[in-house]
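This is what each chain is made of:
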Amino acid sequence: MPRTTVVHLRHLARVLAFGSVIASMLVGVTACDKRKATASLVREGEAAKPRPEPQLNLDTRPTILFQIFGDARDPRMIPIAAVEKDRLHEIVLDYAGWLRFDSLYFRKGDAYPLYRDGKPLGSVRVRKGMWEDPYGPVYSLKGCGTLTPLAVVRVDLESATEFNVDLFATNRDNERPHPTSAVSDAQARRVALQMAYESGSVVGLDHRAIDSLHLNVQVVETGTGRWPTIVAQLIDNRLDTLGPALTRASNLLLIGDADSAGTYRATYVHRVNAPLKTTTFRRYVDHLDILGVDGVDEIMLEGWKYADNTFLTVLRFEKGQWEEIFRTRENWCLERKQD
């Protein structure tokens, strides 16, 4: 039996039992008392209803973080979050609000600066908004009436050699240069392996198991200090070839930052060594000063489970650690399911 049906039946049983109690209590009371009791129950029922979430105030033209993805020759752009009061917020709008959002941000010809690695990388220009075409929206999902809008866009890159894009844009200047001391590839790799050896042992990965994983190391200038941030990604090579036949999977995503003397330590750890179906993967995507409040970039990660939907998480550097401050929905359908 579907979970929703079970919940409804349980609710009905509670209502019937509650009704019988009320009936016995009302025996012998006056009609006036009955009206008072009924009014009280109505007020209680109204109070129990979920309050509608406050909607994004589009009149202020808030800063929006966009993601651009897909074929570089025909990419799409989707709104990720709104920036308000130095925080990232989920964009909450009703259908009419999304139509207005589309007209404000996804008008044909609208252009926004693109970023990669915290630096400008050309621009993105809207070719068609979500509901601009009178013959129908850019896309549809069966059984869903309210969708996250997508815009058909053109990407103007300084280097047009890419086949697929995974970029970010905002409607506000977000360039923040972060000059840092140089770190060699060899040093970055040593730091990455040391973090992996220390963190992997917690989930049963010894040095030999870690050495068998595919290691990707990136040095990024996030602005956390004098030295750059080091991102290490380790994943099982067999995942591409074995797929669902792989019974267990390992994934480590580690971020390290240095003190003033250049000594690195892990400031974010995601480690998994578990059955494939329950493994939660993380992948580093990019960094950008989205909030613009402390001079330090935020880091964007992609998360997913095998053969499941993906989502983005945003990390902020707080008190010497990278902490998740925002996570996107996994489904582009905006209609929230009711229990």
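Now for a description of the structure that goes with this document. On a predicted model such as this, the values are computed, not experimentally measured, just so you know.

1. Considering the overall build of the chain
- When you go through the chain residue by residue, the secondary structure sums to six helices and 15 strands.
- Counting every position in the chain, which comprises 339 residues, the buried fraction comes to 41%.
- Put simply, 60% of the contacts in the chain that link residues at least 6 apart link residues at least 24 apart.
- Element-wise, carbon and sulfur atoms account for 52% of the exposed surface of the chain, whose accessible area totals about 19,100 Å².

2. Focus on the sheet that holds strand β14 (residues 310–318)
- One open sheet accounts for four strands, arranged β12-β13-β14-β15; its pairing is antiparallel. The sheet is open, and its two borders are formed by β12 (280–288) and β15 (321–327), each paired with just one other strand. Looking at each pair of strands side by side, their axes are set apart by 35° on average, direction ignored.
- Note: β12 against strand β13 (residues 298–305), eight bridges, orientation antiparallel. Directly across from Arg283, in β13, lies its bridge partner Glu302.

3. A closer look at empty space enclosed by the protein
- For the structure on display, the rule yields one cavity of 30 Å³ or more.
- Along the walls of the largest cavity sit Asp117, Gly118, Lys119, Arg176, Pro177, His178, Glu221, His287 and Asp297, which together make up its complete lining.
- Residue classes in the lining of the largest cavity are distributed as one nonpolar, three polar and five charged.

4. A look at the pattern of salt bridges
- This model, assessed by the stated rule, comprises 15 salt bridges.
- Here Arg73 and Asp71 are joined by a salt bridge, their closest N and O atoms 2.8 Å apart.
- Residue class for Asp71 comes out partly exposed when judged on its relative accessible area of 28%.
- Through salt bridges with shared partners, one network takes in Asp74, Arg76 and Arg127.

5. A look at the side chain of Gln233
- Tracing the backbone shows Gln233 in strand β9 (residues 229–235).
- On the basis of relative accessible area, Gln233 is assigned to the buried category, the value being 12%.
- Among the polar contacts listed, one links the side chain of Gln233 to the side chain of Gln218, at a separation of 3.1 Å.
- Ignoring sequence-local partners within four residues, the contact set of Gln233 consists of His214, Leu215, Asn216, Gln218, Leu252, Leu253, Arg283 and Tyr284.

6. Considering the packing of aromatic side chains
- Counted under the stated rule, the structure contains eleven aromatic pairs.
- Taking the centre distance of 5.9 Å and the plane angle of 55° together, the rings of Phe69 and Trp332 count as tilted. With a gap of 263 residues between them, Phe69 in strand β1 (residues 63–71) and Trp332 in the segment after β15 connect regions that are remote in the sequence.
- Of the residues examined, Trp332 reaches a relative accessible area of 33% and is grouped as partly exposed.

7. Notes on helix α3 (residues 95–105)
- Gly97, Trp98, Phe101, Asp102, Leu104 and Tyr105 are the residues of α3 that are buried. Projected down its long axis, α3 carries its buried residues within an arc of 165°, all on one side.
- In this fold, the buried residues of α3 make contact with β1, β2 (76–84), β4 (111–116) and β5 (119–128).

8. Describing the pairing of strand β6 (residues 151–156)
- Taken together, the two bridges between β2 and β6 define a ladder with antiparallel strand orientation. Within the sheet, the bridge partner assigned to Arg76 lies in β6 and is Val152.
- Relative to β6, β5 runs antiparallel, the two sharing five bridges. Within β6, the residue paired with Arg125 across the bridge is Arg154.

9. Some words on the state of the cysteines
- By the definition in use, this model includes one disulfide.
- Across the disulfide from Cys144 sits Cys333; the S-S distance is 2.1 Å. On the sign convention where negative means left-handed, the S-S torsion of about 100° between Cys144 and Cys333 marks this disulfide as right-handed. Here the residue Cys144 occupies a position in the loop between β5 and β6, and Cys333 occupies one in the segment after β15, the gap between them amounting to 189 residues. Each member of the pair, Cys144 as well as Cys333, carries the same accessibility label: buried.

Each value, and the rule that gives it
- Residues numbered from 1 in each chain as written.
- Predicted model: local features only at pLDDT ≥ 70, side-chain atom pairs only at ≥ 80, totals over all residues.
- Heavy atoms only, no water.
- Helix = DSSP H or I, 4+ residues; strand = E, 2+ residues; numbered from the N terminus.
- Buried < 20%, exposed > 50% of the residue type's maximum accessible area, 1.4 Å probe, protein only.
- Contact = heavy atoms within 4.5 Å.
- Areas by Shrake-Rupley, 256 points an atom, 1.4 Å probe, with all protein chains shown as cover.
- Pairing = 2+ DSSP bridges.
- Axes fitted to C-alpha atoms, helices over the stretch in contact; angles between N-to-C directions.
- 1 Å grid on protein atoms, 1.4 Å probe; cavity = no way out; pocket = protein on both sides within 12 Å on 5 of 7 lines; lining within 4 Å.
- Points joined across faces, edges and corners; volume = space filled by probe spheres on them.
- Nonpolar A, V, L, I, M, F, W, Y, C, P; charged D, E, K, R; others polar.
- Salt bridge = Lys/Arg side-chain N within 4 Å of Asp/Glu carboxyl O.
- Polar contact = N/O pair within 3.5 Å; in protein donor to acceptor, adjacent residues only side chain to side chain.
- Phe/Tyr/Trp six-rings, centres within 6.5 Å; stacked < 30°, edge-to-face > 60°.
- Arc of directions from axis to C-beta.
- Disulfide = S-S within 2.5 Å.

Function cannot be read off these values alone, since they describe shape.
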